[in-house]
Amino acid sequence: MEQNINLNNDISLSEGIHNLNPLYGMSREDLLSNLSSLDIIPNKQIPMRIKQLWNWTYVNGVDDINSMQNISKPIRDKLQDIYTLHRPKIVTEQKSSDGTIKWLIALEDKLGNSSGNEIETVYIPDGKRGTLCLSSQIGCTLNCSFCFTGTQKLVRNLSTFEILSQILIARDRLDDWHKNNLNAQRKITNIVMMGMGEPLYNFEAVKNALLIASDGDGLAISKRRITLSTSGVVPMIERVATEIGVMLAISLHSVSDEVRNKLVPINKKYPIKELLKACKNFPGLKNSSRITFEYVMLKDINDSEYDAKKLVKMLEDIPSKINIIPFNPWPGSEYKCSDSKQIKKFADILNNAGFSSPIRRPRGSDIMAACGQLKSSSERIRSNKIINEF
Ligand code: SAH
Ligand code: SF4
């Protein structure tokens, strides 16, 4: 049975917190120049203090500067006047019958208004692996015709702090901080930038968040276990390798420009040929470090045997694997998921050609947490109303 917990009153923010700067999300360099200019810690001590601040923040997961015991009370007091470790508010937590958890998180602007700025973050446990799916934007500009997020207009980009806070919130709720779990298997082992938004349209914030997430003194999640998914923002693809160094996933979904123009309209700007060229040239690409191509199965649109054979040809000289994603329906969507027999046929063609091409089980679809089903809840209520009127 799915469970819904309303956490609206669980986390209350004290007055005045919005004038403080979030301590997490700042790079070591920014923290260094910030602390140097503030004159609250002797210059000589700053590097050591930064080490301590990072350790409390990212290893121990404290949410209160006052509990940083190896920092003296007078310095803690001064730090508290400037910085905060507070997390954005969780509005609801939903648990699927398959163990997937979805959090609806309310974001605030500097003045503390949340004004409908909500994002969704999803945790997908799978045996020893636990994947956290992060959002990079509120809404999306790209309007892919099969994606629920694409029906919500872009509200804004998320900041580094807001992207990282999704990991911190998940670790809080799952009790997955290192201090509680010294020898235990970590619950969050993988990160995917596959929630709301196009991460390469918010490159700097995504980059800074992922660099802290993967830093050995930060959240220490290996770059090989972090995947950034893009709909195909060709000019930014190389920078995923050179500046972030995480794994790349491409939302391909079609083998012809004609069909892809409709499914993933950014294709009109960066057609398949250019996209595949950027993939071929992706720095560091090799068999042990392959690109994942995502392919959503839409009945009678992109799921023929001809499509599968063309896909094999298109990807033959790119070290790649192919994730076959059964389409997840949403209220008002114009597509149907391909029949399971057809999905199997499609997968067999790819498998027989030597590709690793798992058929992804939809996860969390009873709570609308599966790929392409995320949307701010206030928006969802609005769109449900529209659907109800018809
Ligand atoms: N904007 C990025 C990342 C977020 S979408 C991108 O498009 O890659 C994450 C994945 O879910 C993408 O591959 C996307 O194409 C896929 N997706 C979107 N809507 C879907 C749906 N209704 N069913 C299945 N997959 C979907
Ligand atoms: Fe945006 Fe990705 Fe959805 Fe396309 S699939 S609308 S790029 S979130």
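Residues numbered from 1 in each chain as written. Chains lettered and ligands numbered in written order. Predicted model: local features only at pLDDT ≥ 70, side-chain atom pairs only at ≥ 80, totals over all residues. Heavy atoms only, no water.

1. As for the site of ligand 2
Now for step 1: Neighbouring ligand 2 are C140, L142, N143, C144, C147, G150, G197 and S231.
Now for step 2: Split into classes, the residues belonging to the shell around ligand 2 amount to 4 nonpolar, 4 polar and no charged. (Near = heavy atom within 4 Å. Nonpolar A, V, L, I, M, F, W, Y, C, P; charged D, E, K, R; others polar.)

2. Thoughts on unusual backbone geometry
Now for step 1: With phi around 60°, D39 is a residue other than glycine that occupies positive phi space.
Now for step 2: Mapped onto the secondary structure, D39 falls in the loop between α1 (28-38) and α2 (46-60). (Helix = DSSP H or I, 4+ residues; strand = E, 2+ residues; numbered from the N terminus.)

3. A short note on the pattern of salt bridges
Now for step 1: Applying the stated criterion across every chain, the model contains 20 salt bridges.
Now for step 2: D176 is the salt-bridge partner of R171, the closest N and O atoms lying 3.8 Å from each other.
Now for step 3: The buried category is assigned to D176, whose relative accessible area is 0%.
Now for step 4: One salt bridge in this structure joins K207 and E243, with 2.8 Å as the shortest N-O distance. Here the residue K207 occupies a position in helix α5 (residues 203-214), and E243 occupies one in helix α6 (residues 234-244), the gap between them amounting to 36 residues.
Now for step 5: Owing to a relative accessible area of 17%, K207 belongs among the buried residues under this scheme.
Now for step 6: Taken together, the salt bridges that share partners define one network made up of E204, K207, R239 and E243. (Salt bridge = Lys/Arg side-chain N within 4 Å of Asp/Glu carboxyl O. Buried < 20%, exposed > 50% of the residue type's maximum accessible area, 1.4 Å probe, protein only.)

4. A closer look at the site of ligand 1
Now for step 1: Within the structure, ligand 1 sits among 20 residues, and F146, G197, S229, S251 and H253 are positioned closest to it.
Now for step 2: Between ligand 1 and N328 there is a distance of 2.9 Å, counted from a nitrogen atom to a backbone nitrogen or oxygen.
Now for step 3: Residue assignment for the shell around ligand 1 shows that the elements contributing at least two residues are β11 (226-230) and β13 (291-297).
Now for step 4: Grouping the amino acids of the shell around ligand 1 by side-chain chemistry returns 9 nonpolar, 9 polar and 2 charged. (Polar contact = N/O pair within 3.5 Å; in protein donor to acceptor, adjacent residues only side chain to side chain.)

5. Some details on the environment of S165
Now for step 1: With respect to the helices, strands and loops of the structure, S165 is situated in helix α4 (residues 160-174).
Now for step 2: It is 9.8 Å that separates the C-alpha atoms of S165 and P22, two residues lying 143 residues apart in sequence.
Now for step 3: In contact with S165, not counting residues within four places along its chain, are Y24 and P88.
Now for step 4: At 2.9 Å, the side chain of S165 forms a polar contact with the backbone oxygen of E162. (Contact = heavy atoms within 4.5 Å.)

6. A short note on the environment of E108
Now for step 1: Turning to its location among the elements, E108 is positioned in the loop between β5 (101-106) and β6 (118-126).
Now for step 2: When its relative accessible area of 18% is taken as the criterion, E108 is described as buried.
Now for step 3: Considering only alpha carbons, one finds E108 and K89, 19 residues apart in sequence, at a separation of 8.8 Å.

7. Quick notes on the packing of α1 against α2
A pair of packed helices can be characterised by two numbers: the angle between their axes and the separation between those axes.
Now for step 1: For the pair α1 and α2, the least separation of the axes is 10 Å and the interaxial angle reads 125°. The angle between α1 and α2 places the two elements in the oblique class. Between α1 and α2 lies a crossing of right-handed hand. For the pair α1 and α2, the contacting residues are R28, L31, L32, L35 and S36 in the first and I46, I50, L53 and W54 in the second.
Now for step 2: The residue inventory of the contact of α1 with α2, partitioned by class, reads 7 nonpolar, 1 polar and 1 charged. (Axes fitted to C-alpha atoms, helices over the stretch in contact; angles between N-to-C directions. Parallel < 35°, antiparallel > 145°, perpendicular 65-115°, else oblique. Left-handed = near helix turned anticlockwise from the far one by under 90°.)

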